[in-house]
Amino acid sequence: MYRSHSCGELRASDIKKEVTLSGWVQKTRDKGFMIWVDLRDRYGITQLIFDEERTPALVVKKAKTLGREFVIQVKGTVIERESKNQNIPTGEIEILVNELTVLNESIVPPIIIEDQTDDGEDIRMKYRYLDIRRNPVKNSLIFRHQVGMQVRNYLSNEGFIEVETPYLIKSTPEGARDFIVPSRMNEGQFYALPQSPQTFKQLLMVGGMDKYFQIVKCFRDEDLRADRQPEFTQIDCEMAFVEQEDILNIFEGLTRYLLSEIKGVKIGDFPRMTYEDAMRTYGNDKPDIRFGMKFGELNDIAQHKEFNVFNTAELVVGIAVPGGASYTRKEIDKLIDWVKRPQVGALGMVYVKCNEDGTYKSSVDKFYDQDDLAKWAEATGAKAGDLICVLSGPTNKVRAQLSALRMELAERLGLRNPEEFAPLWVVDFPLLEWDEETERYHAMHHPFTSPKPEDIALLDTKPGDVRANAYDLVLNGNEIGGGSIRIHDKETQALMFDHLGFTPEEAKAQFGFLMDAFQYGAPPHGGIAFGFDRLVAILGGQETIRDFIAFPKNNSGRDIMIDAPSNIDSEQLKELNIKLDL
Ligand code: ASP
């Protein structure tokens, strides 16, 4: 038996017990006649004492050879500690050791295994197994497990069945590139790793499974943006015989359940907003509604003077920054520089200070009088003491720019409190999205999403105006889930493929299996998928998902611990019939 207790377990009530503990040496303090060792395992730290008077001499001698991260086993007696440590649960006791076994030695670890570490990300990732010994990482992984358990609990109680779907599949377009796996047995042919189990979950509905979920790995070969992983985990769900309303209710329930079980937070309002309203009011389809600073469109009240920048703009729009009237000229200039950074891309910014005395001072006083500015204040909800920031230009661009500014200012003003949770459904997404590069429409969500029946007629005339039965769940400015009611008949699906630029032959080659299945009584169905990594990070009050993934990849998609991706040897290539032409 390696251990009778864990290193986090023993208390004053255990004094006099004979115990066996195993773990890692966190640190040793050698006072010559007495040696203390902090012994650590997943559960905590227990202090060991080796005492010349009470511990056999050979054992003391062996204790002097212990180094950091040695794995040891000790047998001894629980005794009361002289100087108690109130900071740890085992701080009232220590183990007077009389037997010591070194189970394994350790070379000196390259990172500091303490809660606080100065070691950089790269070195921590290279030695992730040591990093995992640190409390913050270990606790994040345990937290992830707990969230996963609660998800399974909730969905199982709602009658969902977890079904595994294959990883070696045929490509499913969800907007990203596939990771490809060559098939040895089928020369010249390839599997794709799933971007999501989308088609399979729909086939499960045809199969009558009715309520499916899976906590599942998905793979997308995208250019990595910060905090994206090429492989990530979704809570993937699908239901049959449901309408959008049913799905929103079930998953609103899941969100409430998780927030209450995990965070002890009871959510009041769970608002819904159309995509159009979200874009108009927040410039963004995943608005953070923990704070205001809503957009005020100013076209009607700003395009009547000689100010050509505004007159020629498609959209003139502003936000009120609480307390911003007190910003100095220098601070405002800095803000203007900020919106002009290439990442944001505004050409400039007009501002209005709403003075405490009810007057206005703007950067465009030459063109606008106090009455004009008062109207702007009304439109943006600015009060005395606020600063109105106004951007103008092409609608989509300006919305994105002002939305970036809104988020930045909220961050600076401390309005994004990680312990406050404001979920929101964004509904009625457009079905199609114009792609500048390929000059054609793409499915905004994916090609299986159904159009709103009342909009189908617009498919031929104004495809960009067709709304979908698609919805996103947004939490604190993050999209954490998205889904749709699917097309379940062959004809509509064929119509969609046609509008997405697939010839009937291409559609058949890629999705024949789905269209075939739709001929055998496909029930009406719909679903949703949550980004599990992000959900866990948000619930954990963190911004980065990496801390919640045991073995994450870096920003270039590399696992620097195992050094992947890597070359494979020529024999393997030959077997796969792949010739590299480098
Ligand atoms: N498969 C979709 C996605 O990964 C989710 C869904 O439509 O259920 O975003």
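That block above? That's the structure.
Definitions and cut-offs
- Residues numbered from 1 in each chain as written.
- Predicted model: local features only at pLDDT ≥ 70, side-chain atom pairs only at ≥ 80, totals over all residues.
- Heavy atoms only, no water.
- Buried < 20%, exposed > 50% of the residue type's maximum accessible area, 1.4 Å probe, protein only.
- Helix = DSSP H or I, 4+ residues; strand = E, 2+ residues; numbered from the N terminus.
- Pairing = 2+ DSSP bridges.
- Phe/Tyr/Trp six-rings, centres within 6.5 Å; stacked < 30°, edge-to-face > 60°.
- Expected span 1.5 Å × (residues − 1).
- Bend = angle between axes of the 7 residues up to and from the residue.
- Contact = heavy atoms within 4.5 Å.
- Axes fitted to C-alpha atoms, helices over the stretch in contact; angles between N-to-C directions.
- Parallel < 35°, antiparallel > 145°, perpendicular 65-115°, else oblique.
- Left-handed = near helix turned anticlockwise from the far one by under 90°.
- Nonpolar A, V, L, I, M, F, W, Y, C, P; charged D, E, K, R; others polar.
- Core = buried A, V, L, I, M, F, W, Y, C linked by side-chain atoms within 4.5 Å.
- Near = heavy atom within 4 Å.
- Polar contact = N/O pair within 3.5 Å; in protein donor to acceptor, adjacent residues only side chain to side chain.
- Disulfide = S-S within 2.5 Å.
- Salt bridge = Lys/Arg side-chain N within 4 Å of Asp/Glu carboxyl O.

1. Re the pairing of strand E4 (residues 71-80)
Put simply, side chains in a regular strand alternate between the two faces of the sheet.
In step 1: Counting buried residues in E4 gives seven out of ten residues, a clear majority hidden from the surface.
In step 2: Bridge count between strand E1 (residues 18-30) and E4: seven bridges; the pairing is antiparallel. Within the sheet, the bridge partner assigned to leucine 21 lies in E4 and is valine 74.

2. Thoughts on the packing of aromatic side chains
In step 1: Under the criterion given, the structure shown has 20 aromatic pairs.
In step 2: Judged by centre distance (6.3 Å) and plane angle (35 degrees), the rings of phenylalanine 270 and tryptophan 425 are tilted. Of this pair, phenylalanine 270 sits in the loop between helix H6 (244-263) and strand E11 (272-274) while tryptophan 425 sits in strand E17 (residues 423-427); the two residues are 155 residues apart in sequence, bridging distant segments of the chain. In this structure, phenylalanine 270 and tryptophan 425 share a single accessibility class: buried.

3. A short note on helix H15 (residues 504-517)
Since the α-helix turns once every 3.6 residues, residues separated by three or four places project in the same direction.
In step 1: Between its first and last C-alpha atoms H15 spans 16 Å; for 14 residues at 1.5 Å apiece the expected length is 20 Å, and the helix comes up short by more than 12%.
In step 2: Of all bends in H15, the biggest is about 85 degrees, found at phenylalanine 511.
In step 3: Of the positions making up H15, those classed as buried are Ala507, Phe511, Gly512, Leu514, Met515 and Ala517.
In step 4: In this structure, the buried side of H15 is in contact with helix H5 (198-206) and helix H14 (490-499).

4. Digging into the packing of helix H4 (residues 135-157) against H6
In step 1: H6 packs onto H4 with a crossing angle of 140 degrees between their chain directions and a minimal axis gap of 10 Å. In this view, H4 runs oblique relative to H6, as classed from their interaxial angle. Handedness of the crossing formed by H4 with H6: right-handed. Here Phe143, Gln146, Val147, Gln150, Val151, Asn153, Tyr154 and Leu155 of H4 come into contact with H6, specifically with Ile250, Phe251, Gly253, Leu254, Tyr257, Leu258, Glu261 and Ile262.
In step 2: Here the contact of H4 with H6 is composed, by residue class, of eleven nonpolar, four polar and one charged.

5. Side note on the nonpolar core
In step 1: Counting residues in each nonpolar core, the largest one holds 40 residues, and the members touching the most others are Leu155, Phe251 and Trp425.
In step 2: Counting residues per element, this core draws most heavily on H6, at seven residues.
In step 3: When residues no more than four places from it in sequence are discounted, the contact partners of tryptophan 425 are Leu248, Phe251, Glu252, Phe270, Pro271, Arg272, Met273, Tyr471, Asp472, Leu473 and Ile528.
In step 4: Val426, Phe502, Leu514 and Phe518 belong to the second largest nonpolar core, which has 28 residues in total.

6. Topic: the sheet that holds strand E13 (residues 315-321)
In step 1: Sheet architecture is open: five strands sit in the order E12-E13-E16-E14-E15, paired in antiparallel fashion. Of all strands in the sheet, those with a lone pairing partner are strand E12 (296-297) and strand E15 (360-362), marking the two edges.
In step 2: In terms of strand pairing, E13 meets strand E16 (residues 387-393) through seven bridges, oriented antiparallel. Bridging across to E16, leucine 315 finds its partner in glycine 393.
In step 3: Across the face of the sheet, helix H10 (residues 329-340) comes into contact with strand E14 (350-354) and E16 while running at roughly 145 degrees to E14.

7. Quick notes on the site of the ligand
In step 1: Near the ligand lie 14 residues; those nearest to it are Gln198, Lys201, His445, His446 and Arg486.
In step 2: Serine 196 has a polar side-chain atom sitting 3.1 Å from a nitrogen atom of the ligand.
In step 3: Between the ligand and isoleucine 528 there is a distance of 3.4 Å, counted from an oxygen atom to a backbone nitrogen or oxygen.
In step 4: For the shell around the ligand, the elements supplying multiple residues, two or more each, are H5, strand E21 (478-485) and strand E22 (525-531).
In step 5: Considering each element in turn, the shell around the ligand owes the most residues, three residues, to E22.

8. What to know about helix H12 (residues 395-412)
In step 1: Helix length check: H12 (18 residues) gives 26 Å between terminal C-alpha atoms against 26 Å at 1.5 Å per residue, within 8%.
In step 2: Regarding H12, the residues found buried are Thr395, Val398, Arg399, Gln401, Leu402, Ser403, Leu405, Arg406, Met407, Leu409 and Ala410.
In step 3: Buried residues belonging to H12 abut helix H7 (275-282), E12, E13, H10 and E16.
In step 4: Phi turns positive one or two residues past the end of H12, at glycine 414, with a value near 70 degrees.

9. A closer look at the state of the cysteines
What makes a disulfide is a covalent bond joining the sulfur atoms belonging to two cysteines.
In step 1: By the definition in use, this model includes zero disulfides.
In step 2: Here cysteine 354 stays unpaired: no disulfide links it, and the sulfur of cysteine 389, its closest cysteine neighbor, is 10 Å away.
In step 3: Accessibility expressed as a relative area gives 2% for cysteine 354, which makes it buried.

10. Considering the pattern of salt bridges
In step 1: The final tally for this structure, using the stated rule, is 40 salt bridges.
In step 2: Among the ionic pairs, glutamate 238 bridges to lysine 201, the shortest N-O distance being 3.5 Å. Pair noted here: glutamate 238 is in strand E10 (residues 231-240) and lysine 201 is in helix H5, with a separation of 37 residues, a long-range link.
In step 3: Residue classification places glutamate 238 among the buried positions, given a relative accessible area of 0%.
In step 4: Glutamate 454 is the partner of arginine 467 in a salt bridge, and the nearest nitrogen-oxygen pair spans 3.6 Å. Of this pair, arginine 467 sits in the loop between helix H13 (458-461) and strand E20 (470-475) while glutamate 454 sits in the loop between strand E19 (440-443) and H13; the two residues are 13 residues apart in sequence, bridging distant segments of the chain.
In step 5: Residue class for arginine 467 comes out partly exposed when judged on its relative accessible area of 30%.
In step 6: A cluster of three or more residues bridged by salt bridges with shared partners is formed by Asp428, Lys452, Glu454, Asp455 and Arg467.

11. Remarks on unusual backbone geometry
In step 1: Of note, the bond from alanine 564 into proline 565 is cis; its omega dihedral lies within 30 degrees of zero at 0 degrees.
In step 2: With a phi angle near 50 degrees, methionine 293 is a residue other than glycine that sits in the positive phi range.
In step 3: The residue asparagine 476 is not glycine, and still its phi comes out positive at about 55 degrees.
In step 4: By the secondary structure assignment, asparagine 476 is in the loop between E20 and E21.

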